[in-house]
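For reference, the chains in residue letters:
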Amino acid sequence: EDQVTQSPEALRLQEGESSSLNCSYTVSGLRGLFWYRQDPGKGPEFLFTLYSAGEEKEKERLKATLTKKESFLHITAPKPEDSATYLCAVRPTSGTYKYIFGTGTRLKVLA
Amino acid sequence: EAQVTQNPRYLITVTGKKLTVTCSQNMNHEYMSWYRQDPGLGLRQIYYSMNVEVTDKGDVPEGYKVSRKEKRNFPLILESPSPNQTSLYFCASRGSSSYEQYFGPGTRLTVT
C-alpha cells in the first residue's frame, strides 16, 4: 500500500538552530515528491518538486533532498517566520490523479 | 494574480441542509481536485477532475458530489451533510505540464 510518513510530528528550534524534517514513502513507482508549507488557517503553499533519487532543490533557508525511500527538508539557520507546518506528498505512478499526503511536521522557531 | 479561490471561507450548517462550496481558478488548469483535512489524518482526496465533464472519485468520496461544467470552476456539493463531514476543505488545481498542485485558501465547514 502506498503511504507517506513524516517525522517528527512537531519540532521546536531556537532561531539559527539548523535541523532536518523527514518524509519516508512507500510507493510502487514515484512520479514526484512534493514539499508544501502550510500556515494556520491557510492553504498549502508549494515549495519543491523532486523527481528522482539524488535530486536536490534549494530556496532561501530550505533545501530538499530525495533518496529512493525518503526525502529530507533541511532548514538552515531558521527564523521565526519559518514557523509553519511542512507537508510532504507523493504522486505515485499508479492512479490518474492520485496524491498521498503525510500528516506534516509542525515547526516552531523561537526568537 | 494566479490563484485558486474558494467560497465561502467559513460555513456553519445543520444536518441535512444541502450546501455547495465553490472553487475557481484563473490559471487555465486542466486538473482540479477537492481535499479534506482532518487532524492526524492529513489531506485526503475527495474527488478530482481531469477536464470539463471528466470527474472521478478520490479516496473519500462518500457523501459528496462534484461537477465540472466549465474549466475554471469545480464546485463541491454536499446534498445531505452530516456531522462527520465537519472538516477543513481545500480545492487544488494543476496544469498538464507539471505535477505541482496549487491550493485555495480553504473552507472550514461545521455541520451540527
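Residues numbered from 1 in each chain as written. Chains lettered and ligands numbered in written order. Predicted model: local features only at pLDDT ≥ 70, side-chain atom pairs only at ≥ 80, totals over all residues. Heavy atoms only, no water.

Q: Any details on the environment of Thr76 of chain A? Residues and values, ideally.
A: One can find Thr76 of chain A in the loop between strand S8 (70–75) and strand S9 (84–92). The spatial distance from the C-alpha of Thr76 of chain A to the C-alpha of Ile100 of chain A is 27 Å, given a sequence separation of 24 residues. (Helix = DSSP H or I, 4+ residues; strand = E, 2+ residues; numbered from the N terminus.)

Q: Before we move on, can you summarise the pairing of strand S4 (residues 30–38) of chain A with the specific residues and values?
A: Look at any regular strand and the pattern is simple: side chains alternate between the two faces of the sheet. All names here are of chain A. When you tally the buried positions in S4, you get 7 out of 9 residues, the bulk of the element. Pairing of S4 with strand S5 (residues 45–50) involves 5 bridges; the strand directions are antiparallel. Its bridge partner lying in S5, Trp35 is registered against Phe48. (Buried < 20%, exposed > 50% of the residue type's maximum accessible area, 1.4 Å probe, protein only. Pairing = 2+ DSSP bridges.)

Q: Outline the interface of chain A and chain B, listing residues and values.
A: Of the residues lining the interface, 20 residues belong to chain A; the matching set on chain B comes to 25 residues. Counting the surface chain A buries against chain B, the share from its top three residues, Tyr97, Tyr99 and Phe101 of chain A, is 37%. Between the two partners, chain A and chain B, sit 6 residue pairs in polar contact (both at pLDDT 80 or more). For the side of chain A that touches chain B, the secondary-structure elements that each account for two or more residues are S4, S5 and S9 of chain A. Among the elements that line the side of chain A that touches chain B, the one with the most residues is S4 of chain A, at 4 residues. (Contact = heavy atoms within 4.5 Å. Buried area = accessible area lost by both parts, 1.4 Å probe. Polar contact = N/O pair within 3.5 Å; in protein donor to acceptor, adjacent residues only side chain to side chain.)

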